[in-house]
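Structural description and commentary
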Amino acid sequence: MPFNLRLLLPIFVFTFLLSACQPAPKEYKQTLLVFGTLVNITIYDTDASKAAAMIKAISDDLNFMHEAWHPWKPGPLGRTNTLLAQTEWFSANPSVMPLITLGQQLWHDSDGLFNPAIGHLLGLWGYHQDDPPQGPPPSANEIKKWLSQNPRMSDIETKGIRVRSSNAAVKLDFGAMAKGLAVDRVIEQLKKNGIEHAIVNAGGDLKAIGRHGDRPWRIGIRHPRQDGSVLAAVEVNDSESVFTSGDYERFYTFEGKRYHHIIDPRTGYPAGQSTSVTVIHPQAAVADAAATALFVAGPEQWQDIALKMKLQYVMLVDKHGQVHITPAMAKRIDWLGNDVQLKISQP
Ligand code: ADP
Ligand code: MG
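This one's a predicted model, so the numbers in the text were calculated from it and none came from an experiment.

**Some words on the site of ligand 1**
In the neighbourhood of ligand 1, 20 residues make up the surrounding shell, with L113, N115, S245, I263 and T292 lying closest. For ligand 1, an oxygen atom lies 3.1 Å from a polar atom in the side chain of D173. Residue T292 places a side-chain N or O atom 2.8 Å away from an oxygen atom belonging to ligand 1. Burial of ligand 1 by the protein chains amounts to 94% of its free accessible area of 570 Å². With respect to the detected pockets, ligand 1 is housed in the largest pocket. Mapped onto the shell around ligand 1, the elements with two or more residues apiece are β10 (240-246) and α8 (284-308). By residue number, the principal contributor to the shell around ligand 1 is α8, which donates three residues. Residue composition of the shell around ligand 1, by class: nine nonpolar, six polar and five charged.

**Re the layout of surface pockets**
The calculated volume of the largest pocket comes to roughly 1,200 Å³. If you list the elements that add at least two residues to the lining of the largest pocket, you get α7 (178-192), β10 and α8. The biggest single contributor to the lining of the largest pocket is β10, with three residues. Classifying every residue of the lining of the largest pocket gives 20 nonpolar, 14 polar and nine charged.

**A closer look at the sheet that holds strand β8 (residues 217-222)**
Ordered by their spatial adjacency, three strands build an open sheet running β8-β9-β16, and the pairing between neighbours is antiparallel. Each having just a single partner strand, β8 and β16 (333-334) make up the two edges of the open sheet. One ladder, built from two bridges, connects strand β9 (residues 230-236) with β16; its direction is antiparallel. Bridge pairing links A233 to D334 in β16.

**Things to note about the pairing of strand β1 (residues 27-34)**
Of the strand pairs in this sheet, β1 and strand β2 (residues 37-44) are connected by eight bridges, and their pairing is antiparallel. In the sheet register, Q30 faces β2, and the bridge partner there is I41. Here β1 folds back onto β2, and the loop between the two strands holds two residues, one of which, F35, carries a positive phi near 55°.

**A few points about the coordination of the magnesium ion (ligand 2)**
Taken together, D288 (O), D288 (OD) and T292 (OG1) make up the full set of protein donors to the magnesium ion (ligand 2), lying 2.2 to 2.4 Å away. Here the residue D288 and the residue T292 both occupy positions in helix α8, the gap between them amounting to four residues, near one helical turn. Like D288, the residue T292 is buried in the burial classification.

**Considering the packing of aromatic side chains**
This model, assessed by the stated rule, comprises five aromatic pairs. An angle of 40° between the planes, with centres 5.9 Å apart, marks the rings of Y127 and Y252 as tilted. Within this pair, whereas Y127 is found in the loop between α5 (119-124) and α6 (140-149), its partner Y252 is found in strand β11 (residues 251-254), the two being separated by 125 residues in sequence. For Y127, a relative accessible area of 4% gives the class buried. By relative accessible area, which is 4% here, Y252 ends up buried. Taking 5.7 Å as the distance between ring centres and 40° as the angle between the ring planes, the aromatic pair formed by Y252 and Y259 counts as tilted. Looking at Y259, the relative accessible area reads 12%, which means it is buried. Through successive ring pairs, a cluster of aromatic residues spans W125, Y127, Y252, Y259 and Y269. In this structure, R258 is placed above the aromatic ring of F251, and the distance from its NZ or CZ to the ring centre is 4.1 Å.

Basis of the calculations
- Residues numbered from 1 in each chain as written.
- Chains lettered and ligands numbered in written order.
- Predicted model: local features only at pLDDT ≥ 70, side-chain atom pairs only at ≥ 80, totals over all residues.
- Heavy atoms only, no water.
- Near = heavy atom within 4 Å.
- Polar contact = N/O pair within 3.5 Å; in protein donor to acceptor, adjacent residues only side chain to side chain.
- Areas by Shrake-Rupley, 256 points an atom, 1.4 Å probe, with all protein chains shown as cover.
- 1 Å grid on protein atoms, 1.4 Å probe; cavity = no way out; pocket = protein on both sides within 12 Å on 5 of 7 lines; lining within 4 Å.
- Sits in = over half its atoms within 2 Å of the grid points.
- Helix = DSSP H or I, 4+ residues; strand = E, 2+ residues; numbered from the N terminus.
- Nonpolar A, V, L, I, M, F, W, Y, C, P; charged D, E, K, R; others polar.
- Points joined across faces, edges and corners; volume = space filled by probe spheres on them.
- Pairing = 2+ DSSP bridges.
- Donors = N, O, S within 2.8 Å, 3.2 Å for Na, K, Ca; no water.
- Buried < 20%, exposed > 50% of the residue type's maximum accessible area, 1.4 Å probe, protein only.
- Phe/Tyr/Trp six-rings, centres within 6.5 Å; stacked < 30°, edge-to-face > 60°.
- Lys NZ or Arg CZ within 6 Å of the ring centre and 35° of its normal.

Shape is all these values report; function is a separate question.
Right, here's the structure in full:
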């Protein structure tokens, strides 16, 4: 060994010992397959046995909610859908009541652009099955017939767990909100159990508590037109959720035309003006439903809906790639050197 390196050796050893003595940050991660997506749970700065117990409890809860809130498989929501079609009063499974009541409120606040009563329309488009749909898209007549039935959340009356629809065409699908509500529930559970720092990330839609060590949690927002690349990054504060709706999540191509899974309840067709919408909100269920509603609203109407839903942080990428954004959101976004065309406006 040359002389100078021999001199440095004690310094290397000392540095190594020093870093070995420092307790490594305790981070526990688990990936679950639930709600049709990979859910990553990260719990930071707690002991191993507590983290393991919490991850097990969260996994059970998420699986329970997935089963209970599944729109077309037999289960509490599936049964609710069968009975709603009979237009008589019935006792619903209590697990579906929070979906119905919050769903009614968000339907109202979004001027009906978030409409979880459109299950039959989603079925016409092939989005009520596990396999990716192949087409063909529904005929103009089928869409017209569905539009004339006009199923809305206001068709549903509730008294406790007694429920009735006055419109037989109502079929509930909470695909645009259930994941958000589940993430809210899981985060509540973590907080109640004394966990202070964690993030629950369901395929890019997430909610965080606390911090990631000495810095805030920071996440990437997917580029809607460049597969696998990140458009922007944002720091997530304590008890905030970030949800994105994009036309790239589920779609099929039929005779050269692309048909995606976010449907405009006013026309019956996939909403054509946006490619992705990101919303930050304390309630994940609201962020989830709002991202879908604003996607449908598009670049001309998103401010109206954002105002009605009292949203502060919104970013909408339109079909030309232009980014429409609230001033509060613009302040928080790191564009990572991407060349973006911004249109900042206060709703
Ligand atoms: P993702 O779940 O892919 O992140 P969204 O949160 O936007 O995306 O939810 C899309 C799902 O919501 C669709 O697959 C469908 O089940 C349902 N959906 C589609 N359009 C609407 C709408 N206008 N209102 C309510 N739910 C919708
Ligand atoms: Mg949504």
